[in-house]
Amino acid sequence: MGAEVRPVHQPALLEQTVAVRTVSGAEAAGVELPVARVAVDMSLPHLDRPFDYRVTPEQDAAAQPGTRVSVRFAGKDRTGYVLERAATTDHHGTLMPLRRVVSALPVLTPEIAALCRAVADRYAGSLMDVVRLAVPPRHATTEKAVLEGTAADRTGTTAAHLPGTAWDHYVGGAAYVRRLAAGESPRAVWSALPAHGPGVPDRLASIAEAAAATLASGRGVVVVVPSAHEAEVVEAALTAALPGEPVVSLQADHGPSRRYRAFVRLLTGQARVVVGTRAAAFAPVRRVGLLVCWDDGDDLLAEPRAPYPHAREVLTLRAAQEGAALLLGGWTRSVEAGLLVATGWAASVTASRATVRERTPRIEAPGEIDLAREGPAAAARIPRPAWELVRKALEKGPVLVQVPRSGYLPVVACQGCREPARCRECHGPLQLGGRTSVPSCRWCGRPDRTWACPTCGSSAMRASRVGSARTAEELGRAFPKVPVVLSGARADHGVVREVDEKARVVVATPGAEPVARGGYQGALLLDAAAVSGRQDLAAPSEALRRWLAAAALVRPASEGGRVMLLGDPAPIPGQALVRWDPAGFAERELAERHELHLPPASRMASVRGSARAVAGLLRHLERPDGVEVLGPVPFSEEEVQALVRSDLGQGSRLTRALAQAAAVRSAHKEPDSVRIQVDPTEL
DNA sequence: TACCGCGAAGCT
DNA sequence: GCTTCGCGGTAC
């Protein structure tokens, strides 16, 4: 994607033209390639380059590229990775010998090393920061155990590809899978359709068919999903759909041993299919043929550690470097995925309008005019037509109610002047945990029995946000014969994963919606303004993503499935939901970003830290034409933030300039730290 | 002449 | 980050 492919040993920072000398004679001690170029494990921006060490005759056989070694660096033992072996060095002093080869297993393959370099350059970070995300810590006993099982190497075995039907309903879908099976590497952005009822192949069947086709071409598969639970669901589906094919799961929360075991099995070719969370984008699958990312708009796919790479970008870079196919799928379409389609780099795979109508529920977003006709009920959070929808749907099956916030009344305000009620200790927002409970602070937990408004003196409170628990209570009162289920990431209840086909009301926060066997008969999406109306660049797309995820759990209109979007949604994502048109939404959103010169139509980075640190970095920042600096402006009490922007064509120059500036700061030992985030998550 | 403390330099 | 180097200082 326009990113330069740079050899691992040539960092972006310094174009060095230094005299090279051949290491020979006594120094080489009979070793043919006596120099090991080592990436040393530390994260100093100005030392983001390999260092040369001497390989002793005893280390010669083991110290192959990719192996983990221990070296003396600045007087201290550190681990590192051999990037390559060479006969020459550009270092003038005598080379220090490698202290020890930790293991002969080459854990940092040339492909993954090159990917880490590309990711580091893309995000203005250092190679080692990325390698730490890509290569899990060694677990010696596990390594030994897995290597003893290497006999079962599967590379070369080829599963027969039995064409399925899961892609037939997508225009270009069957061709996509056919090309995978033929060993080609097509790139697609796929708008998945919900599937309910027996015999209708769902998104998991589509992913499994794409995987099977890739395996049939003799290549491996990487599937990245946002959450551990999603990984389990997809892993189970692939295991069932690919008999005899081991599917490994790679998740940070599996613990060091299990994680390293999965990693080594892929590395040695004992398994060639992996499903996992964001770090799995780096999984060392041999001869990788297909890279899949499900729901790439989920911000869980953005790594929270420097340099903050997003799994979608990692896979995109990897597809380009390794010549693999890419499949970005989801109910919605992220603006970033839309850009890949707009530039022609990836194809759009969607269903025809007729198929969309056939597979999706009927969706309404009653506007103000409709509601005005309802009289006083219109002002309510759940107006009369919505109660009607729930009542009728419950005759045939379960109903989902999506509420943006958990809790009872998570935000309360003064009845008199509507000022938000705040904690007297820490000024955090007050909440009510239940109908009769005492107000308490959401930040410090301190209860406040005697609250009175500091502005107008009133002691009466009103709800300014209604949470899922209160919503569940209201629905329970309205439908006393129907069970109510609450689902959300909270200590007092937790996430429910699945409900059966019986009539019940399920109240869930976004992302915690249980799957209903056979699909929900209806759904209400409440308080639509809460997300879609936020003054955040990502608000409309995030809102649509959440709404589509809930609507995808509802039966099609032909079976009476209905969805109602309530609470003053922003019109553009609201209409995109009603028309079930995520591709059109992404296109429109992208056009707007182009116009406003905002990402992903331009490259943007945030630079945050103390005022002097940010000023220092900006002073060192080279600003070629087209690079623009906005700010700095205060970010918090102690910190300021500046935004740096360029158009996409200048993107790699911008990130290189940022890395260079950070390197200069680091070399000068300027005080305080700066946090550089390319593609900042919040704008 | 030996040794400490401190700041700067450089890390193969 | 970390160590080490080299300087000027002081004590013996």
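Not measured: the values here are computed from a predicted model.

Rules of the game
Residues numbered from 1 in each chain as written. Chains lettered and ligands numbered in written order. Predicted model: local features only at pLDDT ≥ 70, side-chain atom pairs only at ≥ 80, totals over all residues. Heavy atoms only, no water. Helix = DSSP H or I, 4+ residues; strand = E, 2+ residues; numbered from the N terminus. Rg over C-alpha atoms; globule rule 2.2 N^0.38 Å. Buried < 20%, exposed > 50% of the residue type's maximum accessible area, 1.4 Å probe, protein only. Contact = heavy atoms within 4.5 Å. Areas by Shrake-Rupley, 256 points an atom, 1.4 Å probe, with all protein chains shown as cover. Lys, Arg positive; Asp, Glu negative; His and termini not counted. Charge placed at Lys NZ, Arg CZ, Asp CG, Glu CD. Pairing = 2+ DSSP bridges. Axes fitted to C-alpha atoms, helices over the stretch in contact; angles between N-to-C directions. UniProt positions renumbered as here; feature names shortened; annotations may be inferred. Near = heavy atom within 4 Å. Polar contact = N/O pair within 3.5 Å; in protein donor to acceptor, adjacent residues only side chain to side chain. Nonpolar A, V, L, I, M, F, W, Y, C, P; charged D, E, K, R; others polar. Phe/Tyr/Trp six-rings, centres within 6.5 Å; stacked < 30°, edge-to-face > 60°. Salt bridge = Lys/Arg side-chain N within 4 Å of Asp/Glu carboxyl O. Core = buried A, V, L, I, M, F, W, Y, C linked by side-chain atoms within 4.5 Å. Disulfide = S-S within 2.5 Å. Arc of directions from axis to C-beta.

### Some remarks on the overall build of chain A
No. 1: The helix and strand inventory of chain A stands at 19 helices and 30 strands.
No. 2: Taken against the 2.2 N^0.38 rule, which gives 26 Å for 683 residues, the C-alpha radius of gyration of chain A at 28 Å falls within 12% of a compact globule.
No. 3: In terms of principal-axis extent, the alpha carbons of chain A reach across some 95 × 65 × 50 Å.
No. 4: Of all 683 residues assigned to chain A, the portion counted as buried reaches 53%.
No. 5: When contacts within chain A are restricted to residue pairs at least 6 apart in sequence, those whose partners lie at least 24 apart make up 74%.
No. 6: Accessible area for chain A stands at about 29300 Å²; split by element, carbon and sulfur atoms hold 52% of it.
No. 7: Taken as two groups, the 82 positive and 73 negative side-chain charges of chain A have centres that lie 3 Å from each other.

### Looking at the sheet that holds strand β28 (residues 628-634)
No. 1: With respect to topology, four strands assemble into an open sheet ordered β28-β29-β27-β30, the strand pairing being antiparallel. Among the strands making up the open sheet, the edge pair consists of β28 and β30 (674-678). With strand direction ignored, the average angle separating the axes of adjacent strands in the sheet is 15 degrees.
No. 2: Packing of helix α19 (residues 651-667) onto the sheet brings it into contact with β27 (602-609), β29 (640-647) and β30, and relative to β29 it is tilted by some 145 degrees.

### Looking at the environment of Q535
No. 1: Considering the arrangement of structural elements, one finds Q535 in the loop between α14 (529-532) and α15 (539-551).
No. 2: Considering only alpha carbons, one finds Q535 and R546, eleven residues apart in sequence, at a separation of 17 Å.

### Description of the sheet that holds strand β16 (residues 399-402)
No. 1: One open sheet holds the six strands; their spatial order is β15-β26-β25-β16-β23-β21, and the pairing between them is parallel. Lying at the two open borders of the sheet, with one neighbouring strand each, are β15 (362-364) and β21 (484-487). Neighbour-to-neighbour, the strand axes of this sheet turn through a mean angle of 15 degrees, independent of strand direction.
No. 2: In this sheet, strand β23 (residues 505-508) lies alongside β16 in parallel orientation, the contact comprising four bridges.

### Overview of the UniProt feature "binding site: Zn(2+) 1" (unreviewed entry) in chain A
No. 1: Mapped onto this structure's residue numbering, the UniProt feature "binding site: Zn(2+) 1" (unreviewed entry) falls at C414, C417, C453 and C456. A maximum C-alpha distance of 8.5 Å is found for the annotated residues, which run over 43 residues; spatially they form one tight group.
No. 2: Of note, C417 is situated in the loop between β17 (411-414) and β18 (430-431).
No. 3: With near-sequence residues (within four places) excluded, C417 lies in contact with C453, T455 and C456.
No. 4: Within the secondary structure layout, C453 lies in the loop between β19 (440-441) and β20 (461-465).
No. 5: A residue is classified by how much of its surface remains accessible, and C453, at 5% relative accessible area, is buried.

### Structural notes on the protein's contact with DNA strand C
No. 1: In the vicinity of DNA strand C, the contacting residues are L44, A74, K76 and K669.
No. 2: Atoms of DNA strand C within 4 Å of the protein: sugar and phosphate make up 29%, bases the balance.
No. 3: Between DNA strand C and A74, the relevant distance is 3.1 Å, taken from a sugar or linking oxygen to a main-chain nitrogen or oxygen of the residue.
No. 4: Each residue belonging to the surface near DNA strand C can be placed in one class, and the counts come to two nonpolar, no polar and two charged.

### Considerations on the packing of aromatic side chains
No. 1: Counted by the stated rule, this structure contains nine aromatic pairs.
No. 2: Taking the centre distance of 4.7 Å and the plane angle of 45 degrees together, the rings of W167 and W190 count as tilted. Of this pair, W167 sits in the loop between α3 (140-148) and α4 (173-181) while W190 sits in strand β8 (residues 187-191), placing them 23 residues apart in sequence. Considered together, W167 and W190 belong to a single accessibility category, that of buried residues.
No. 3: Plain terms: the ring middles of W387 and F479 are 5.9 Å apart, the flat faces sit at 40 degrees to each other, and that makes the pair tilted. Of this pair, W387 sits in helix α12 (residues 384-394) while F479 sits in the loop between α13 (468-478) and β21, and the two are 92 residues apart along the sequence.

### Considering the pattern of salt bridges
No. 1: The final tally for this structure, using the stated rule, is 42 salt bridges.
No. 2: Between R545 and D295 there is a salt bridge, and its shortest N-O distance comes to 2.8 Å. With a gap of 250 residues between them, R545 in helix α15 and D295 in the loop between β12 (288-294) and α8 (311-322) connect regions that are remote in the sequence. Here R545 and D295 have matching classes, each one buried.

### Quick notes on the UniProt feature "domain: Primosomal protein N' 3' DNA-binding" (unreviewed entry) in chain A
No. 1: Under the local residue numbering, the UniProt record ascribes the feature "domain: Primosomal protein N' 3' DNA-binding" (unreviewed entry) to residues 37-136.
No. 2: A helix fraction of 21% and a strand fraction of 31% characterise residues 37-136, whose end C-alpha atoms lie 21 Å from each other.

### Description of the pairing of strand β25 (residues 522-525)
No. 1: Here β25 shows two buried faces, one formed by G522 and L524 and the other by A523 and L525.
No. 2: Relative to β25, β16 is paired through four bridges, and the arrangement is parallel. Bridge pairing in β25 places Q402 opposite L525.
No. 3: Where β25 meets strand β26 (residues 562-565), four bridges bridge the pair, whose relative direction is parallel. Counted as the bridge partner of L524 is M564 from β26.

### Section: the protein's contact with DNA strand B
No. 1: Neighbouring residues of DNA strand B: 13 residues in total, closest H46, D52, A74, M96 and K669.
No. 2: Among the atoms of DNA strand B close to the protein, meaning within 4 Å, 28% are from sugar or phosphate groups.
No. 3: With respect to DNA strand B, the side chain of H46 contributes an N or O atom lying 2.9 Å from a base nitrogen.
No. 4: At 2.9 Å, a backbone N or O of M96 approaches a sugar or linking oxygen of DNA strand B.
No. 5: Taken together, the elements giving at least two residues each to the surface near DNA strand B come down to β3 (51-54) and β4 (68-73).
No. 6: Here the residues of the surface near DNA strand B sort into seven nonpolar, two polar and four charged.

### Some thoughts on unusual backbone geometry
No. 1: A cis geometry characterises the amide bond from A306 onward to P307, with omega recorded as 5 degrees.
No. 2: Along the chain, P307 falls in the loop between β12 and α8.
No. 3: The linkage connecting P599 with the following residue, P600, adopts the cis geometry, with an omega of 5 degrees.
No. 4: Tracing the backbone shows P600 in the loop between α17 (582-596) and β27.
No. 5: Backbone geometry places D295, a non-glycine residue, at a positive phi of 60 degrees.
No. 6: Despite not being glycine, W580 shows a phi value in the positive range, around 45 degrees.

### Quick word on the nonpolar core
No. 1: One finds F282 and L658 to be the most contacted residues of the largest nonpolar core, which totals 74 residues.
No. 2: Not counting residues up to four positions away in its chain, the partners in contact with L658 are A124, A605, V607, L617, L621, V644 and I676.
No. 3: Counting 64 residues, the second largest nonpolar core, distinct from the first, contains A188, L238, W547 and A551.

### Comments concerning the state of the cysteines
No. 1: The final tally for this structure, using the stated rule, is zero disulfides.
No. 2: Left without a disulfide partner, C116 is nearest to the cysteine sulfur of C293, which lies 17 Å away.

### Considerations on α12
No. 1: Looking only at α12, the buried set comprises A386, L389, V390, A393 and L394. Down the axis of α12, the buried side of the element spans an arc of 120 degrees, and every buried residue falls inside it.

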